[in-house]
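# Architecture and fold: a report
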Amino acid sequence: MTTLDRKLLRDLRLMWSQALTIALVVASGVGGFITSFSAFDSLSWSRDVYYAESRFADVFATLKSAPLALVPQLAAIEGAAHLQTALAHVVPLGIAGVTDPLAGQLIGLDLLAPQALNVVVVKSGRMVAAHTSGALEALVSEAFAEAHQLKAGDEVTALINGTRERLRLVGIGLSPEYVFAGLGGSPDQRGFGVFWVDRRALATAYNMEGAFNQVSVRLSPGASEDAVIAQLDRLLAPFGGISAHGRDQQMSDVILSSEIKQQQVLGTVLPSIFLAVAAFLLNVVLGRQIATQREQVAALKALGYGNTAIGWHYLKLVLVIVLLGLALGVALGAVLGNGFVGLYAKSFRFPTLHYRMAPELIVVSAAVAIGAAVLATLSAIRATVLLAPAEAMHPPAPGIYRPMLLERWGLKNWFSPPLRMVLRTMERHRLRTLFTTLGVAMAMSTVITGAFMRDAVVVLMDTQFSQVLRGDVSINLVEATPARALQAAAHLPHVTAVEGARNVAVRLVNANAHHRGAIQGKAEMPELFRIVNMEKQALAAPRHGLLLTDRLADKLKVQPGDLLRVELQEGRREVVYLPVTGTVHELLGMNAYMERRALNALLHEGDMVNQLMVSVERDHEPAFLERLKDLPRVGVAISKRVMARNINDVTARNILMFSVVLTVFATIIAVGVVYNNARIALAERAWELASLRVLGFTRTEVSAILLGELGIEIVLALPVGMVLGYLMALGIVTMIRSDEFSFPFAIQPATYAFAVVCVLVAGGVSAWIVRRRIDQLDLVSVLKTRE
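Note that the structure is predicted; figures quoted are calculated from it, not measured.

Moving on, we get to the overall build of the protein. Within the protein one finds 22 helices and 22 strands. C-alpha extents for the protein along the principal axes are approximately 105 × 60 × 55 Å. Classification of the 787 residues of the protein by burial places 54% in the buried group. Sequence-distant contacts, at least 24 apart, represent 82% of the contacts inside the protein between residues at least 6 apart. Split by element, the accessible area of the protein, about 34100 Å² in all, is 60% carbon and sulfur. For the protein, the separation between the mean place of its 72 positive charges and that of its 64 negative charges on side chains is 8 Å.

Under the counting rule described, the total for this entry stands at 10 aromatic pairs. Seen from their ring centres, Phe37 and Phe40 are 5.8 Å apart, and the 85° between their planes marks the pair as edge-to-face. On the criterion of helical spacing, the pair formed by Phe37 and Phe40 is a turn pair, its members being 3 residues apart in helix H2 (residues 16–53). Summarising the burial analysis for this pair, Phe37 and Phe40 share the class buried. Chaining the aromatic ring pairs together yields one cluster made of Phe33, Phe37 and Phe40. Over the aromatic face of Phe754 sits the side chain of Arg454, whose NZ or CZ is 5.5 Å from the ring centroid.

Here we take up unusual backbone geometry. For Lys557, which is not glycine, the phi torsion reads 60° and is therefore positive. Here Lys557 shows up in the loop between helix H16 (550–556) and strand E18 (563–568). We note that Asp619 has phi near 75°; this positive angle belongs to a residue other than glycine. Among the secondary structure elements, Asp619 is positioned in the loop between strand E21 (608–616) and helix H18 (621–628). Classification of Asp619 by relative accessible area gives exposed; the value is 71%.

Spatially, 4 strands are ordered E2-E10-E1-E11 in an open sheet, and the strand pairing comes out antiparallel. Edge positions in the sheet fall to strand E2 (80–86) and strand E11 (242–246), since each of these pairs with one other strand and no more. Direction aside, neighbouring strands of the sheet carry axes that sit 25° apart on average. Sheet topology note: the strand E1 (residues 59–67)/E11 ladder contains 3 bridges and is antiparallel. Each bridged residue has a counterpart across the sheet, and for Phe60 the counterpart in E11 is His245. Sheet contacts for helix H6 (residues 225–236): E1, E2, strand E10 (211–219) and E11; angle to E11, the most-contacted strand, approximately 160°.

Let's shift gears to the pattern of salt bridges. Summed over all chains, the structure comprises 24 salt bridges. Between Arg126 and Glu137 there is a salt bridge, with its nearest N and O atoms 2.7 Å apart. Here Glu137 lies in strand E6 (residues 136–141) and Arg126 lies in the loop between strand E5 (121–125) and E6, a separation of 11 residues in the sequence. When its relative accessible area of 17% is taken as the criterion, Glu137 is described as buried. The shortest N-O distance in the salt bridge between Arg572 and Glu574 comes to 3.8 Å. Here the residues in one salt-bridge network are Lys123, Glu142, Glu146 and Arg349, joined through shared partners.

This part takes up the nonpolar core. In this structure, Leu43, Leu256, Phe348, Phe350, Phe452, Met453 and Phe743 are the most contacted members of the largest nonpolar core, which totals 95 residues. For this core, the element with the highest residue contribution is helix H19 (residues 640–694), accounting for 17 residues. Residues contacting Phe350, with those up to four places away along its chain left out, are Leu43, Ser46, Arg47, Tyr50, Lys123, Leu174, Val179 and Leu256. If you look at the next biggest cluster of nonpolar residues, it comprises 26 residues, including Leu87, Leu106, Leu136 and Ile160.

Relative to the assigned elements, Glu586 resides in the loop between strand E19 (575–584) and strand E20 (592–595). Of the side chains with opposite charge, Arg551 comes closest to the buried, unpaired Glu586, at an N-O distance of 6.5 Å. For Glu586, the side chain forms a polar contact with the side chain of Tyr593, separated by 2.8 Å. Sequence-distant contacts of Glu586, that is, excluding residues within four places in its chain, are made with Ile531, Val532, Thr549, Asp550, Arg551, Asn591, Tyr593 and Ser742.

This part covers the environment of Phe340. As for its position among the elements, Phe340 is in helix H9 (residues 307–344). For Phe340, a relative accessible area of 8% corresponds to the buried category. Distance from Phe340 to Ala39, taken between C-alpha atoms, is 6.5 Å for residues 301 residues apart in sequence. Setting aside residues up to four positions removed in sequence, Phe340 forms contacts with Thr35, Ala39, Gln263, Met657 and Phe658.

Residues Trp16, Leu20, Leu24, Leu324 and Leu328 make up a contiguous nonpolar surface patch of about 430 Å² in total accessible area. Elements with a minimum of two residues in the nonpolar patch: H2 and H9. At 3 residues, H2 tops the list of elements feeding residues into the nonpolar patch. Relative to the assigned elements, Leu24 resides in helix H2. The partly exposed category is assigned to Leu24, whose relative accessible area is 32%.

Reading the values: rules and limits
- Along each chain, numbering runs from 1 in the same order as the chain's sequence is written.
- pLDDT decides what is reported in this predicted model: residues at 70 or higher carry local features, side-chain atom pairs at 80 or more are listed and counted, and totals for whole chains, interfaces and linings draw on all residues regardless.
- To get the side-chain values, all heavy atoms of the structure are used, and hydrogens and water are removed first.
- Helix and strand definitions follow DSSP, with helices as H or I runs of at least four residues and strands as E runs of at least two, each counted in order from the N terminus.
- The classification of residues rests on relative accessible area computed with a 1.4 Å probe and restricted to protein chains. Under 20% of the type maximum is buried, over 50% is exposed, and intermediate values are partly exposed.
- Any two residues whose heavy atoms approach within 4.5 Å are treated as being in contact.
- Working definition of accessibility: Shrake-Rupley area with a 1.4 Å probe, residue cover restricted to the visible protein chains.
- Counting rule applied: Lys, Arg positive; Asp, Glu negative; His and chain ends not counted.
- Where a charge lies is defined by one atom per residue type, namely NZ (Lys), CZ (Arg), CG (Asp) and CD (Glu).
- Stacked, tilted and edge-to-face pairs are distinguished by plane angle, under 30 degrees for stacked and over 60 for edge-to-face with tilted covering the rest, among Phe, Tyr and Trp rings (Trp via its six-membered ring) whose centres lie within 6.5 Å.
- Charge over a ring is defined by NZ of Lys or CZ of Arg lying within 6 Å of the ring centre and within 35 degrees of the ring normal.
- One requirement defines pairing of two strands: DSSP has to find at least two bridges between them.
- Axis angles are defined between N-to-C directions and span 0 to 180 degrees, where every axis is a line fitted to C-alpha atoms and, for a helix, only to the segment in contact.
- The working definition used for a salt bridge is a side-chain nitrogen of Lys or Arg within 4 Å of a carboxyl oxygen of Asp or Glu.
- The nonpolar core is taken to be a set of buried Ala, Val, Leu, Ile, Met, Phe, Trp, Tyr and Cys residues, with the residues joined through side-chain atoms within 4.5 Å.
- Polar contacts here mean pairs of N or O atoms no more than 3.5 Å apart (in protein, one a potential hydrogen donor and the other a potential acceptor; neighbouring residues in sequence count only if both atoms are side-chain atoms).
- Patch membership requires more than 30% relative accessible area and the absence of a salt bridge. Residues of like charge join within 9 Å; the nonpolar side chains Val, Leu, Ile, Met, Phe, Trp and Tyr join within 5 Å.

Okay, structure coming up:
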């Protein structure tokens, strides 16, 4: 071991606490990067592998009913490599002992032919057998089975075409179409399940022998998706076909891709902050550490060591700290990444969702961390090693002292002598004060970034379940029904109010932009299922045009006053042109609204509804839901209370974990910044602090001079941290915004208060440690001058 290496070990031993805090900040940056990107990579890799192995389709279409004789024409579409038809229906479900409303997607499996696309995998149990008599055998989706503790041999009931049938479970099934299985994209997977049954039995129940109502297509390499969709629409239009679409509108893939995008954003933004703080700390700590070793550098030069050897010695000091942080960060990232993947496994169901950490993640982490550290410290190393030995032997030239700005303004007597000493030091070291303040502010902004998501979820839940949904139960009817169904529903026991809606599938087109969705026909000023903007203002459904959500208007590139081509997918399937009357900023979905009777007129039908929103007397909702199970025209009933509860159970768990992780990281940053600055300030000013003790200052007064500077910097950092947290949260909300979902931007005062408390606690702990060091100063050894 060389002399310089022994010196390196001695320096590390003396500054072990500072080196450890810096390494922890580096570990936070590397750990955050690996956590997010390994989770992102695991999800992306599992998705790509599963889609390939299960031959997941590229294009999807639904229709009312078409004969199997149409299949050869569909298969002949140019660009369609493989095609598969299916039979599917959404039905109400019942489970013994469960009063919550449940819905199930029944999908018929052709047991006589191999699955060409969207292959269903049996994860446990066995495949369904051909139905003969008795209960209908079924595979059930994993999330639904786990939520209700269902296993092979259990039975559920389903209202199939007006008749209550028994489904006997024989296993757990997985399908690429339902990696995320929630009704309409809702995260409530407890109230919705997927069941795969014998297709012939399902066809018989719905009088659809020799027919289908779903089509999936796998494209040929290089084929045009738009061209295939256009041909599918043309062939399926006579059979009630609803506009075909690609994977970008397949609900399960939309939710999965949105989550992957969020991980990618978070894995880029937050670790960048941590690594920036680590680079700042290394620059400050090493620069000031080297400055205290001027005589040692001079002695080394006098003994014949060159600039390169001395520079490499200090670079090795940096590398040891960074490599320690890198090792801790990789280990931390693996643990947290595995935990995040475990959370995803509860929402996204793959045959195998394994955590994987790609080697390139470690390489990138090491390159970024080491690069940032080296660049941050090169200037400090260079400034010291280039000093001539004779110059380095002398103490640094004293600074130029003059009255501080406040004193020149005549405010000298406003401050006590110790406070003036603190303020003078801060003014004379402006850059150090600025960087310390920014470091603490970044820590605070990280806490806000993690905690604001809880606020956003509260706003989302309040908006959707208190402002928009004022009714208690949403009822989707099997088909459009005359509006006298409203009077019939109003006479059901415990019903206090009823409101009807007419939802119609459409294709909206403006030049080259188009969207497949629905027009929601509502009462002109709905009361139970309202149209509400983010300012909580209720809007009216227009009679002579469409009210669009702002994201839909952006996608279609239209503004209020523009004409929009509307291709109706029901009735006569006419094409009409409607003006855009306005836009509304909503959180969920891309919606188009119109007054219900005006929509009825467009369809050339009478006063019709296919959805009811019902208010029910308090404590009588379970009885009302039980009554609905006996009504054949009821397709699916959704309880607002149950859905809100189930969504809260999922989001609360995920948000809590994310918030805790970010809070811990932020605390590490705050401690790293405050503690390192305090320790180095103590090393730099030990002589003058000891002198003050000799002159009669108490330990408390001496500590106040040193820690007062840090206290002022923390106080200055608080408003800056609030602004940075606000901007970071706003940036994240903007970057993770998708077509189907706009995360609300909301930061409550309690979140700012929580961030302030976290920073103050971190600063208090650091101050307490440094105060102990001050109390232990050896006055005799400290007062020995360097001359």
